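Summary of the model geometry
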Amino acid sequence: MSVQIKSVGVIGAGQMGGGIAHVCAMAGYDVHVHDVSPDSLQTMQANISGNLARQVSSGKATDAERDAALSRIHLATEMSDLAGMDMVIEAATEDETVKRKIYQQLCPILNPEAILATNTSSLSITRLAAATDRAERFIGIHFMNPVPVMKLVELVRGIATEEETFKTSRDFIDSLDKTITVAEDFPAFIVNRILLPMINEAIYTLYEGVGSVEAIDTAMKLGANHPMGPLQLADFIGLDTCLSIMQVLYDGLADSKYRPCPLLVKYVEAGWLGRKSGRGFYDYRGETPVPTR
């Protein structure tokens with residue numbers, strides 16, 4: 001049974017959830033965002049407002065478009081506020097236990113026809129779908145960070161995902177003016193399966209003393225024409241996220257080439273998670289970032 005997507009629920013008001021709400025509202029969808037923390041919802045609203053203001057000043061959006069988009073975003077303090085949504089995108093933390101708990105609360109109140117999507121960057125869509133009451137109407141829609149800027153979305157079917165769910169989701173992503181790449185449901189899909197081992201290898205290169213932080217990042221920026229170096233990128237992604245994706249690859253594919261670098265583990269244990277915590281491979285507490293090794 002086909003469902004026309006008019007309203008979108010988003011669970012999680014972090015960087016990804018906020019970005020997804022932003023692009024959905026700009027595309028004309030009625031968006032309800034739920035988060036367990038009311039503070040996170042307020043922060044997200046302020047961030048979206050700031051990002052839209054930047055789009056206006058750079059000529060990417062008009063004042064009228066910004067005002068209309070902001071009016072379409074609703075803060076849902078209760079999970080039950082998402083009951084009538086046509087599609088709900090879960091963008092909670094990359095932790096399977098947390099995601100399963102959300103589905104247990106959400107599924108009984110959600111319209112039976114509604115599509116449930118996850119923004120996971122590495123977890124099995126098939127396994128997550130099995131924790132819901134609608135494996136046929138469950139799909140992976142993996143946006144890239146920052147969502148308003150990045151053009152790519154990975155669309156991932158689980159083993160039970162119906163063709164109708166896939167088509168509706170594909171049309172929905174098209175309407176957001178994003179480019180789709182279809183990935184099979186294997187650990188970390190396409191982007192992170194290739195990107196994270198490269199970052200992990202850059203950390204091994206640092207760990208083994210082949211080059212300094214600065215040398216490695218400069219080498220890859222100028223030698224491989226990457227917009228940012230792999231260690232700078234790791235800090236941007238969050239070293240805890242990098243580690244969890246490497247662990248998903250290592251556990252899921254059982255190949256020693258995916259073994260997380262011990263130095264990455266050490267940084268995460270120290271709480272040096274990158275830009276968001278003030279320190280990672282660079283120290284962000286001063287005027288300009290300074291390498292920490």
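Since the model is a prediction, treat every value here as computed from it, not as a measurement.

Observations concerning the domain arrangement of the protein
What the domain assignment lists for the protein is domain 1 (7–184) and domain 2 (192–291). Using only C-alpha atoms to locate each centre, domain 1 and domain 2 end up separated by 27 Å. Counting residues at the interface gives seven residues for domain 1 and five residues for domain 2. Taken over both partners, the interface formed by domain 1 and domain 2 buries close to 470 Å², and the fraction arising from carbon and sulfur atoms is 57%. Here domain 1 and domain 2 share zero salt bridges between them. Applying the counting rule to domain 1 against domain 2 returns one residue pair in polar contact (both at pLDDT 80 or more). When the residues that make up the side of domain 1 that touches domain 2 are grouped by side-chain class, the tally is two nonpolar, four polar and one charged.

Side note on helix α9 (residues 230–237)
Three or more residues of α9 are buried, namely Pro230, Leu231, Leu233, Ala234 and Asp235. Residues of α9 that are buried make contact with α7 (191–207), α8 (213–223), α10 (239–253) and β9 (282–283). Looking one or two residues beyond α9, the residue adopting positive phi is Gly238, at roughly 110°.

A word on the environment of Ile109
Mapped onto the fold, Ile109 is located in the loop between α4 (96–106) and β5 (115–118). According to the relative accessible area criterion, Ile109 is partly exposed, its value standing at 32%. Each C-alpha atom of the pair Ile109 and Leu82 lies 8.1 Å from the other, and the pair is 27 residues apart in sequence. Once residues lying within four places of it in the same chain are set aside, the contact partners of Ile109 are Met79, Ser80 and Ala83.

Things to note about the environment of Glu136
Here Glu136 lies in the loop between α5 (125–129) and β6 (138–143). In the structure, Glu136 is positioned 29 residues away from Thr165 in sequence and 7.3 Å away in space, judged by C-alpha atoms. Each residue touching Glu136, except ones within four places of it in the same chain, is listed here: Ala160, Thr161, Glu162 and Thr165.

A short note on the UniProt feature "binding site: NAD(+)" (unreviewed entry) in the protein
On the UniProt side, "binding site: NAD(+)" (unreviewed entry) is annotated at positions that read Gly12, Ala13, Gly14, Gln15, Met16, Gly17, Asp35, Glu94, Lys99, Ser121, Asn145 and Lys276 here. Those residues in contact with Ser121, other than ones at most four positions away along the chain, are Glu94, His142, Ala188, Phe189, Asn192 and Ile245. Relative to the helices and strands, Asn145 resides in the loop between β6 and β7 (152–157). Assessed through its relative accessible area of 23%, Asn145 is described here as partly exposed. Sequence-distant contacts of Asn145, that is, excluding residues within four places in its chain, are made with Gln15, Met16, Met150 and Phe236. One polar contact links Asn145 to Gln15, side chain to side chain, over a distance of 3.3 Å.

The rules we used
- Residues numbered from 1 in each chain as written.
- Predicted model: local features only at pLDDT ≥ 70, side-chain atom pairs only at ≥ 80, totals over all residues.
- Heavy atoms only, no water.
- Domains from an automatic or database assignment.
- Contact = heavy atoms within 4.5 Å.
- Buried area = accessible area lost by both parts, 1.4 Å probe.
- Salt bridge = Lys/Arg side-chain N within 4 Å of Asp/Glu carboxyl O.
- Polar contact = N/O pair within 3.5 Å; in protein donor to acceptor, adjacent residues only side chain to side chain.
- Nonpolar A, V, L, I, M, F, W, Y, C, P; charged D, E, K, R; others polar.
- Buried < 20%, exposed > 50% of the residue type's maximum accessible area, 1.4 Å probe, protein only.
- Helix = DSSP H or I, 4+ residues; strand = E, 2+ residues; numbered from the N terminus.
- UniProt positions renumbered as here; feature names shortened; annotations may be inferred.

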